[in-house]
Every structure is written in structure tokens, then in C-alpha cells.
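# Per-entry structural report
Letter by letter, the chains look like this.
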Amino acid sequence: MIPNLKKKNPTTAPKEKKVKKSSPSSKGKNKRNYSRQFGIIAGILLMLVSVFLLLSFISYCAGAWKSDDIFRDPNIGIRDVLFNNSLVIQNYMGRIGAALAFIFIKRWFGLGSFLFVLVFFVAGFRLTFKRRLLPFGKTFFISIILIAITSVSAGYITSNTDYSFFGGLFGLLANNWLEGLLGRLGAGLLLGFLVFSLLILLLNITFSRKKKVELPEPVPDVIPPLETSGEPVVEKPEATSVFEFEMKNEEEPVREEQKKEAPVAGKKGKTDEKEGFFTVETKKETEETEQDDEEEADNEYGSLKTLYDPTKELSNYKLPPLDLLLNYGSNAVSVNKEELEENKNKIVKTLNNYSISIDKIIATIGPTVTLYEIVPAPGIRISKIKNLEDDIALSLSAYGIRIIAPIPGKGTIGIEVPNQNPEIVAMRSVLSSDKFQNSKYELPIALGKTISNETFVADLTKFPHLLMAGATGQGKSVGLNAIITSILYRKHPSEVKFVMVDPKKVELSLFAKIENHYLAKLPDFDEAIITDTRKVVRVLNSMMIEMDNRYNLLKDAQVRNIKEYNTKFIARKLNPEKGHQFLPYIVLVVDEFADLIMTAGKEIETPLTRLAQLSRAIGIHLIIATQRPSVNIITGTIKANFPARVAFRVISKIDSRTILDSGGADQLVGRGDMLLSMGSDMIRLQCAFIDTGEIDTITEFIGSQHGFPHPFHLPEYYEEGEGNGKEMDMEDRDDMFEEAARLIVQYQQGSTSLIQRKMKLGYNRAGRIMDQLEAAGIVGPPDGSKPREVKIRDMHTLEQFLKDGFL
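Residues numbered from 1 in each chain as written. Predicted model: local features only at pLDDT ≥ 70, side-chain atom pairs only at ≥ 80, totals over all residues. Heavy atoms only, no water.

### Thoughts on the pattern of salt bridges
In total, this model carries 26 salt bridges according to the counting rule given. Between R402 and E416 there is a salt bridge, and its shortest N-O distance comes to 2.9 Å. Separated by 14 residues along the polypeptide, R402 in strand β5 (residues 402-404) and E416 in strand β6 (residues 413-418) bring together distant segments of the chain. With a relative accessible area of 3%, E416 lands in the buried category. Two residues, E799 and R742, come together in a salt bridge whose shortest N-O distance is 2.7 Å. You can see E799 sitting in helix α24 (residues 795-803) and its partner R742 sitting in helix α21 (residues 737-747), a full 57 residues away along the chain. The class of R742 is partly exposed, set by a relative accessible area of 29%. Overlapping salt bridges, with partners in common, bring together R402, E416, D673 and R684 in one network. (Salt bridge = Lys/Arg side-chain N within 4 Å of Asp/Glu carboxyl O. Helix = DSSP H or I, 4+ residues; strand = E, 2+ residues; numbered from the N terminus. Buried < 20%, exposed > 50% of the residue type's maximum accessible area, 1.4 Å probe, protein only.)

Structural data, given as C-alpha cells:
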């Protein structure tokens, strides 16, 4: 018996010599090049070794074993194999081939040794071409099991024959042990069971009966358009937008069949809508109107037996009609049967190239992209399909391929493929849908259509704030206009007010025409649309004061949110003479947030964060848009308070993760294609398109109607030290000036809301009295949202102060 032949590992690369006076970058480059070259060399060598072993084994089993059995002699060693030419060898590969065949087959694993050839070749192929012929780890594991079973089985079959070496020494010893343990028949049964089990696992054999599927009549080549009559009303998507492909096998897919009921994400049919962001309130809140004995029977709001109407002042106001909007496109499905079939075949072929079989494909056609839902065969790992995203994009020659693995709530994998001819989603078709017209949301917004061609309507109060980001020209401004237009089409001017911030000065300027109807501003501002960063700081701090004032009103009314408060006020259960009033929703719209952060920084971020944290309950909602989605603009504090985020197309995955905390926005196709993230849910939408001319027409229609005397006034706010230089003529002071001074000194709290509540005054008059108290030196200047400092500590000092004429 000869010792094992030991060879040096040919794959060991020589150590690289350090080259002096070379830059670090050149060293790394040379190191990478040498590593790749050595990998190629090692891979080729492994493949050659596998071929050498294969030919040696074949030659040995074909008859050379009779003469090559001389290696059984223990006197023959490595030196004889290398240098003794007198040895008679019949192996095609010479003395080394004969020696290796004798060791692998005779001494080790018999016919199972052929699997070593496969392992070496797969490893060499991967090192050489950097591609997987077969998964190496899985191949190695299965090969070890096959080597053992093949060796034992061959030893069992060829025992007591001249060909007993086919099982090798391992097979011979294992077979003798099994026959002694179970007998020859028991050993045969065990080996048969092992072989049968291995075949079931490797070939994925099942014994379920296959049902014959009858193919329906083929669908028409061109999908018929959606039925429209009069004004375009987009209901739920037609059945022709969903196609199902049944797969016979990997090579011969069955043509698609048209579904009557499409199992696509977002399909609701006539089922009840769920609670959350898309809650449709089916039960209208009603409260009985009871007479309050403490209030007077007749006041400026009329009798207590009738409900208060907040729209009474503008009772003749009319909402904009749908005729003001244009209708783009035909609202028809723009993907035909040939395009669906071609994309489906390419997807199946690409997956088959990587040994991934599928059972069924369901195609759901949207306005911009088509969703192919794949039902993978049992045993297919989802990660294998997810990793083929780039390969599928290459085979389809399309940009913007996105794989959803798996689709939440469904046992399928989604592949989103852009349509060759995307359809424009008109704002008119979205606003005319029954879903928008019949919605009972407080602030309904129609963003566009889903991937299943269904109108998407949400409630801004449930978000409660919205962050929008995307690269330049991808649809952010159109998205803002769509949101604002949605609210204008459903809400009366007395029910909602907008605070608009436009650093670019041109994006929101068209809405200046509706200043006296829908906009809010500070009393001393000339324009309602804020373009100056310094004024933005004042507006945000003023909104914080408004927030605090509203919370005080909610506290006095013993309610928790603005909806309960307004319901109670409409039912006349709150006394207006005690400072109570109907509270409209306030929506802050910021078109370019990055510019504000760059110029004002913390002065903007701090009040904005406080508003985002606290303003939901009192009806203040924020919509922030930016074209620079970087971490220094969209900070962690901002993101934490904006659970609802819209991402249009961005340049890199980093920007996508900054907005959505996940990738995907970098794979959008642009032109209004967007992802809406609401916590764990993410929906792909095509934003509704509304042109500048349509905005101009709508604002012209609203502005031509009778409006309020002035815009909605926010509370006055002065920065520290801004009001110290004010002068006041004491002859023009308010009649209730002295009473207010005594109230402030008594409570030691310089608060406008205190004067408003205790003296039953409106906010504007209470604010003027507070300015007079400041000019007189009784209270200090404003300190943000905190109460003013009271400079007089007791009533005796105040009376002396008033008697001496403010000396």
C-alpha cells in the first residue's frame, strides 16, 4: 500500500512584494488586479484537474484496473510513480492518472469518486468567469451525500464479484457493517429507501394529480376603453386591466386569460373600507341640541334652537365646477395583449435561466406601470428572485423595474414594469370619481391613481402631516397643486385656511387671487403668500400661538380635538361671548423647505417640529416639499413627526432611504410616478396632472365671488425687542385699558388669551390692548410663545402708576 500522494496547492498565490514610492491608490489597484488574475489561473487549473481526473477514472474503470493493480504493492511509492519508467501502465493519463484513479476508486469511494470531478469543475468555473454554473455550497453538500450513498450502493451490488472495487474500500466496509447489522435483504431495503428519498428531494417529485385546465377564449388584441358618459367618471378599474397567465411548465407557458374578478392589491369591490389612513366614516356624528340656561336666548348667532351655520357669511359661495378642468387622454388601458405576452415571456425566460420555476402570472395594468404578480413554485426562495432585479430589467430593456418580494398580504411576488405608452392621469378624472365625490373625509385629497388603475383618495387629517421630496422636475409642484385643488373642490372658505410659503416666489403665486377666501396671514403682512424667510419665522411662531390658543379653547370646552369642538359649537353648546368661535382647519404649505433650512436653520426647524408634534388635534396640518432630500435638510426629528411621506423620482438610493427609509424611489420613471409611504405601507401612485392654466381658471372663479373682508388673521407675533420702540398716544387708548391692566397685574401673566377669556373680548381687540400695555411699560415685549413679563408686581403700585399718568 502506497502512502497518500501529497501535492502542493497550485492555487496558492505568491506573496506580493512591496513596491516603494508608490501611492496607496496604485497599490490597491495592483493588488486587485493580481488577485483577479490569480483567481482566473486557479480556476482554469481546477477545471483542467477535473478533466484529468475524469479521463483517469474512465480509463481505470474501462479495464486499466487489471494492470494498474500494481499499486497495491507497498514497495511502490511516489518516487516510482514519478521516475520509474519500467512500470507497465494502461491508463490513458499515465502513471499519475493511474495512481490517482487507484486511490480515489480502489481505496476511497469507488464510483462515487466521479462526483469529485463535478465539485472541482464548478469551483473552477466560478473562479474563472465570476459566474455561478451551480450553487457551490449546495453542490458540495449534495455531492458529499451522493458520494457516500453511491459508494455503499455500488459495494452492495458488486460484492462477491470481480468488480467489487466499484464501491471502494469505504463502500466495502460500510456494506459489510450493514449486512452484519440488518442482513443482506435489510441492507438492500435501507439502501433502496435512501436512493428513493434522494430522488424525491432532488427532482421535487410529488404525487398530486394535475387537473386539466381548459383555456378560455383569447382576449381581444386591444383592450377596450373604459366606458364614459358625459363627464369622465373613473370608478373602480375595469376587469380588462387584469390578466392571468397559467403556466403549464417552464418551457411552454399558457396564454393569459382575462379575469372577471381581479385579485390585485388595493381592490376593495363593495367591501367595507378599513380604518386608518383611508377611513370612511359611515356613522355621522350627531348630538342633541339642548338649551343652555346660562346663555342669553337671543344673540348675534340667532336662536339656540337652530344649529350654527359657519358658511352663513358666504352663503352664496359656490364650489368650483368640474368644467374648469381639462380632460387629458382617453382614460383607456394603454397596454395591449402583445405587450403583456412579450413581457411575460421575457420574465419567465429570465427566471428559467436561473432555475426558477413559476406556477402563475397575474398582470394588472396601471396608468404608468404594469404589475406582474408571480406565484413561484414550491421551494423557490424569494431572495433568488429579488436578486434578479437588474437581470429582468436588462431582458425587458426597461428603466424603473421594481420587485416587491413579497407583496404584503398576498402570497405573490410583484414585478413592476413601466408601460411603453404611459397614460396621463387627469385631475378631472380623479375629482369626478365617486370615491372622491362621496367621501366623508374632513380634508379629502385625491393624489392620483394606483397601480391597479383605481382612484386614490386619502384624508389629510389622518396623515396628519405630509412630507414630499424628489429631484427637480419630477412632479412635486404638480403634486402640491393637486392636493390644494382637491381641498378647494370640497371645502367651503369658512372650513379651511391655507398658510402658503413660497421661497421661489412663482410656484404658489397663482393662489394670491383667493386671498380673502382661503388664505391666512399676519395682520401687518402686505401679501398672504410668504416669500421672505424672516417673515416665515414670524408666521411659524404665530401659528404656535394660535395652537396654544386653540388648546385653551378645547380645554375650556372639555373636548379632545377640533372635530368634537366644532360639533359642540355648531350645536350652540359653547358661548361665543366667552371667546369660543368656529375653528377652521389650517394647512401650512411649504414649497421649498431646503431653502428655508439653509437660510434660517434652527429658527425654522424648532417651531416646525413643535407644530408637527402637537398641532394634529387642533386642526393644523403641515405639507412640506423639497427637492433636496439630504439628511441635513430632512433630519431625524422632522422624519419622526411626518409618518406620511411622498417620494418622487430621486437620483440615488441614499436619497430614497432618506425620504422613505427604504429604496425604490430611485427606480421610478418620473413625470408624476411616486411612492406614498405610511409607516409600514407603501403604495405606488401616478400623480394626477393639473396644468398652470387650470389653476389660474380655478382661482379666477373663486376670486370673482364675494369673499371675506380680509384674509384670516393669525395672532400677532413680534421677535424679542421688536416692540420696544413703539409709541402710543394715551388719548387713543382703549376704554377697557385700565381694567385689563388690573387683570394682568392680578394674575401676573401677560397673556393676550387671558384678556380675551376674562374680559370676553375678541382676539384683535385684546391684542391691541396688550400692545398699549407694552407701550405703557406695564408688560414687557413678546417672548416667543411664552407669556410676557409683568413689570408691576402689586395692585397698589399699579394704581399709583395709573394715577400719575404713566410717569
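After that view of the structure, there is still more to cover.
### Re unusual backbone geometry
Outside of glycine, negative phi angles account for most residues, and trans bonds account for most peptide bonds. A cis amide bond, omega -5°, links F463 with the succeeding residue P464. Mapping P464 onto the fold places it in the loop between β8 (455-459) and β9 (466-469). Unusually for a residue other than glycine, Q558 sits at a positive phi of about 60°. Within the secondary structure layout, Q558 lies in the loop between α14 (533-557) and α15 (562-570).

### Looking at the packing of helix α5 (residues 136-157) against helix α6 (residues 168-203)
The description of two packed helices rests on the angle between their axes and on the distance between the axes. Direction vectors running N to C along α5 and α6 enclose 130°, while the axes themselves pass 8 Å from each other. The angle between α5 and α6 falls in the class oblique. Pair α5 / α6 crosses with left-handed handedness. (Axes fitted to C-alpha atoms, helices over the stretch in contact; angles between N-to-C directions. Parallel < 35°, antiparallel > 145°, perpendicular 65-115°, else oblique. Left-handed = near helix turned anticlockwise from the far one by under 90°.)

### Overview of the pairing of strand β14 (residues 644-648)
Extensive coverage of β14 is indicated by the burial of five of its five residues. Of the two faces of β14, both are covered, the one formed by A644, V646 and F648 as well as the one formed by R645 and A647. In terms of strand pairing, β9 meets β14 through four bridges, oriented parallel. Note on β14: the bridge partner recorded for L466 is A644. Of the strand pairs in this sheet, β14 and strand β15 (residues 673-678) are connected by five bridges, and their pairing is antiparallel. Bridging across to β15, A647 finds its partner in L675. (Pairing = 2+ DSSP bridges.)

### Here we look at a nonpolar patch on the surface
A surface patch of nonpolar side chains, about 620 Å² in accessible area, is lined by W177, L181, L182, L190, F193 and L194. Its location among the elements puts W177 in helix α6. Taking the relative accessible area as the measure of exposure, W177 reaches 57% and is therefore exposed. (Patch = residues over 30% accessible without salt bridge, like charges linked within 9 Å, V, L, I, M, F, W, Y side chains within 5 Å. Areas by Shrake-Rupley, 256 points an atom, 1.4 Å probe, with all protein chains shown as cover.)

### Here's the deal with the environment of K318
Locating K318 in the fold gives a position in the loop between β2 (253-258) and α7 (337-353). Residue K318 is classed as exposed on the basis of its relative accessible area, which comes to 58%. It is 8.4 Å that separates the C-alpha atoms of K318 and H492, two residues lying 174 residues apart in sequence. Excluding anything up to four places from it in sequence, K318 contacts F701 and Q705. (Contact = heavy atoms within 4.5 Å.)

### Some words on a positive patch on the surface
A cluster of basic residues, R126, K130, R132, K138, R381 and K384, forms a positive patch at the surface. Secondary-structure assignment places K138 in helix α5. Look at K138 and you get exposed, because its relative accessible area is 57%. (Lys, Arg positive; Asp, Glu negative; His and termini not counted. Charge placed at Lys NZ, Arg CZ, Asp CG, Glu CD.)

### A word on the packing of aromatic side chains
In total, this model carries 10 aromatic pairs according to the counting rule given. An angle of 70° between the planes, with centres 4.9 Å apart, marks the rings of F104 and W108 as edge-to-face. With F104 and W108 both in helix α3 (residues 94-109) and four residues apart, the pair spans about one turn of that helix. Its relative accessible area of 33% is what places W108 among the partly exposed residues. (Phe/Tyr/Trp six-rings, centres within 6.5 Å; stacked < 30°, edge-to-face > 60°.)

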